[in-house]
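Take a look at the letters that make up each chain.
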Amino acid sequence: MANRFQAPPLEISSVLHGGYHHPLARKWQNHGRNLTKEMFMYPIFISDDPDAEQVIESLPGQKRWGINKLESFIGPLVKKGLKSVILFGVPMDMEKDERGSPADDPETPVIKALQLLSAKFPLLYLACDVCLCEYTSHGHCGIFAKLPPPNHTSMPTLDAEASQQRIAEVALAYAKAGAHCVAPSDMMDGRIKAIKLALMQNDYGNRVTLMSYSAKFASSLYGPFREAAGSAPSMGNRKCYQLPPNARGLARRAIKRDATEGADILMVKPALPYLDIVSDCAQLEPDYPTAVYQVSGEYAMVVAGAEKGIYDLKAMAFETCESFVRAGASIILSYFTPQFLDWLDEELTE
Ligand code: PBG
Ligand code: ZN
């Protein structure tokens, strides 16, 4: 019996395949926004044990590094094209207190690391995370207010002014130790302005970049990091200062606020579940670079899926990072950075 359906001839505008059959032609479909080595910033954990090279169980392939091990760890990566790192301090032995005193102790691991790295690798861009949670006895990112907690929670509120002041002090100490960029991740109100003013008043305003974790959500994806950095809160959670995951409007307000308060780079974090916010950030503030943080849980998720055979690791890592760039990011903080330094040198594949 004859077919009862005759396919209509293809319209010219329907024929797309020809434009991306060749691997190079596929590359050209990115509107000039290629993934490059320059986009990657590598998060590194610095231990106060100077000889540490300690495997982090929850973050496959990542370690806590002691100051004595840094040069031999970073050197080969710089040779492969590593352009920037962001440092996180892990004070294992230092005495923590309510105000996070070890954060800017002259002996604190990130200050030592900034001094060492800026001397050994003068062209490597050194960002430093600024937060109190790794250094406070309670594990929260700010300083508690005196008021007793309200009835709906057992967690004290944070004192915005005292927190800002303290965080600005810490940021200034990192600038003095050689950070090219200070990156406050605490989400306290007003801290961008406080840090900018502290930098300006001490002659660092014109040489240190202020990268704000502007839209940082209260995510389930920070678990491995908190284990790596020993920064899990001892009680309560961070929902009263990090953004609720459903809050697109708040995220847009926080992005606009931080731009107004003096941030030089705006960040969205985590990355993959928040691509709409990445796109919002790039569109709301097109005159600022948008950064994304592919956080510890996202990294661990991509690695775990590959280990389960759900996908190929490299293909999935590319797919996630290309989605960030497509959404508008030009800086990617990622634990995959060392692998991308190799992958980006590889030939196009079929
Ligand atoms: C500390 C901080 C966190 C991350 C970066 N800085 C954890 C948190 O807010 O609890 C998360 C990074 C990651 O998960 O890779 N304020
Ligand atoms: Zn914190």
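Residues numbered from 1 in each chain as written. Chains lettered and ligands numbered in written order. Predicted model: local features only at pLDDT ≥ 70, side-chain atom pairs only at ≥ 80, totals over all residues. Heavy atoms only, no water.

Spelled out, the test is: UniProt positions are given in the numbering used here, feature names are shortened, and annotations may be inferred rather than shown by experiment.
Named according to an unreviewed UniProt entry, the chain is Delta-aminolevulinic acid dehydratase originating from Cutaneotrichosporon cavernicola. You can read under Subunit (unreviewed entry) in the UniProt record for the chain the words "Homooctamer."

### Things to note about the pattern of salt bridges
To keep things clear, this is the line we draw: Any Lys or Arg side-chain nitrogen found within 4 Å of a carboxyl oxygen on Asp or Glu counts as a salt bridge. Counting from the N terminus, the helices are DSSP H or I runs at least four residues long and the strands are E runs at least two residues long. Partly exposed describes any residue whose relative accessible area lies between the buried limit of under 20% and the exposed limit of over 50%, with all areas from a 1.4 Å probe on protein chains only and scaled to the type maximum.
Counted under the stated rule, the structure contains 18 salt bridges. A salt bridge links Arg-257 to Asp-189; its shortest N-O distance comes to 2.7 Å. Here Arg-257, found in helix α7 (residues 248-261), pairs with Asp-189, found in the loop between β6 (181-184) and α5 (191-201); they are 68 residues apart in sequence, far enough to count as distant. Classification of Arg-257 as partly exposed rests on a relative accessible area of 24%. For Asp-189, a relative accessible area of 49% translates into the label partly exposed. For Asp-258, the salt bridge goes to Arg-257, with nearest N and O atoms at 3.1 Å. Each member of the salt-bridge network shares a partner with another, and the members are Asp-186, Asp-189, Arg-191, Arg-257, Asp-258 and Glu-261.

### As for the coordination of the zinc ion (ligand 2)
Think of it this way: four donors in a tetrahedron around the metal ideally sit 109.5 degrees apart, and six in an octahedron ideally sit 90 or 180 degrees apart. For clarity, the cut-off: Coordination partners: N, O, S within 2.8 Å of the metal, 3.2 Å for Na, K and Ca; water not considered, so apparent gaps in a site are possible. Any coordination sphere not matching a tetrahedral pattern (four donors, all angles between 85 and 135 degrees) or a square planar or octahedral pattern (four or six donors, opposite donors over 155 degrees apart, other angles between 65 and 115) is reported as irregular.
Of the protein atoms, only Cys-131 (SG), Cys-133 (SG) and Cys-141 (SG) coordinate the zinc ion (ligand 2), at distances of 2.2 to 2.3 Å. Between the 4 donor atoms coordinating the zinc ion (ligand 2), the angles at the centre fall across 98 to 118 degrees, so the site counts as tetrahedral. For the zinc ion (ligand 2), the single-chain donor residues occur in sequence as C-x1-C-x7-C. You can call Cys-141 buried: its relative accessible area is 0%.

### Notes on the UniProt feature "binding site: Zn(2+)" (unreviewed entry) in the chain
Put simply, the rule is: Any two residues having at least one pair of non-hydrogen atoms within 4.5 Å are treated as being in contact.
Annotation from UniProt places "binding site: Zn(2+)" (unreviewed entry) at Cys-131, Cys-133 and Cys-141. With respect to the helices and strands, Cys-133 occurs in the loop between β5 (125-130) and α4 (160-176). Its relative accessible area of 7% is what places Cys-133 among the buried residues. With respect to the secondary-structure elements, Cys-141 resides in the loop between β5 and α4. Aside from chain neighbours lying at most four places away, what touches Cys-141 is Cys-131, Leu-132, Cys-133, Ile-167, Asp-186, Met-188, Arg-238 and Tyr-241.

### Topic: the packing of aromatic side chains
Both the distance between ring centres and the angle between the ring planes are used here to describe each pair of aromatic rings. The cut-off we apply is this: Aromatic rings from Phe, Tyr and Trp, taking only the six-membered ring of Trp, are treated as a pair when their centres fall within 6.5 Å; an angle between ring planes under 30 degrees marks them as stacked, one over 60 as edge-to-face, and anything in between as tilted. We count a charge as sitting over a ring when the NZ of a lysine or the CZ of an arginine lies within 6 Å of the ring centre and within 35 degrees of the ring normal.
Considering all chains together, one arrives at 17 aromatic pairs under this definition. Relative to Phe-225, the ring of Phe-45 has its centre 5.5 Å away and its plane inclined at 55 degrees; by these criteria the two rings are tilted. With Phe-45 in strand β1 (residues 40-47) and Phe-225 in helix α6 (residues 223-229), this residue pair connects regions lying 180 residues apart in the sequence. For the pair formed by Phe-45 and Phe-225, the shared burial category is buried. One aromatic cluster is present, built from ring pairs that chain together Phe-40, Phe-45, Phe-88, Tyr-213, Phe-225, Tyr-293, Tyr-299, Phe-318, Tyr-335, Phe-336, Phe-340 and Trp-343. Positioned over the ring face of Tyr-222 is Lys-216, at 5.5 Å from the centre of the ring. Over the face of the ring belonging to Tyr-222 we find Lys-269, whose NZ or CZ atom lies 4.6 Å from the ring centre.

### A closer look at the site of ligand 1
So the rule is basically this: Here a residue counts as near a molecule or strand whenever at least one of its heavy atoms sits within 4 Å of it. The definition of a polar contact used here is a pair of N or O atoms within 3.5 Å, where within protein one atom must be able to donate a hydrogen and the other to accept one, and adjacent residues in sequence count solely through side-chain atom pairs. Under the convention used here, a 1.4 Å probe and the Shrake-Rupley method define accessible areas, while residue burial counts only the protein chains that appear. The nonpolar class holds Ala, Val, Leu, Ile, Met, Phe, Trp, Tyr, Cys and Pro. Asp, Glu, Lys and Arg form the charged class, and all remaining residues, Gly among them, are polar.
Neighbouring ligand 1 are 18 residues, the closest being Lys-216, Arg-226, Lys-269, Ser-296 and Tyr-335. At 2.8 Å from an oxygen atom of ligand 1 is found a side-chain nitrogen or oxygen belonging to Gln-242. Here ligand 1 has 400 Å² of accessible area as a free molecule, and 100% of this is covered by the chains. Its residues placed into classes, the shell around ligand 1 shows 10 nonpolar, 3 polar and 5 charged.

### Thoughts on the UniProt feature "active site" (unreviewed entry) in the chain
Under the feature "active site" (unreviewed entry), the UniProt entry names Lys-216 and Lys-269. In summary, the annotated positions, though distributed over 54 residues, converge in three dimensions, the widest C-alpha pair being only 4.8 Å. Residue position: Lys-216 is located in strand β7 (residues 209-216). Note on Lys-216: relative accessible area 6%, which makes it buried. With sequence-adjacent residues up to four places away left out, Lys-216 is seen in contact with Ser-185, Met-187, Tyr-222, Gln-242, Leu-243 and Lys-269. Among the polar contacts made by the side chain of Lys-216, one reaches the main-chain carbonyl oxygen of Ser-185 at a distance of 2.9 Å. Tracing the sequence through the fold places Lys-269 in strand β8 (residues 265-269).

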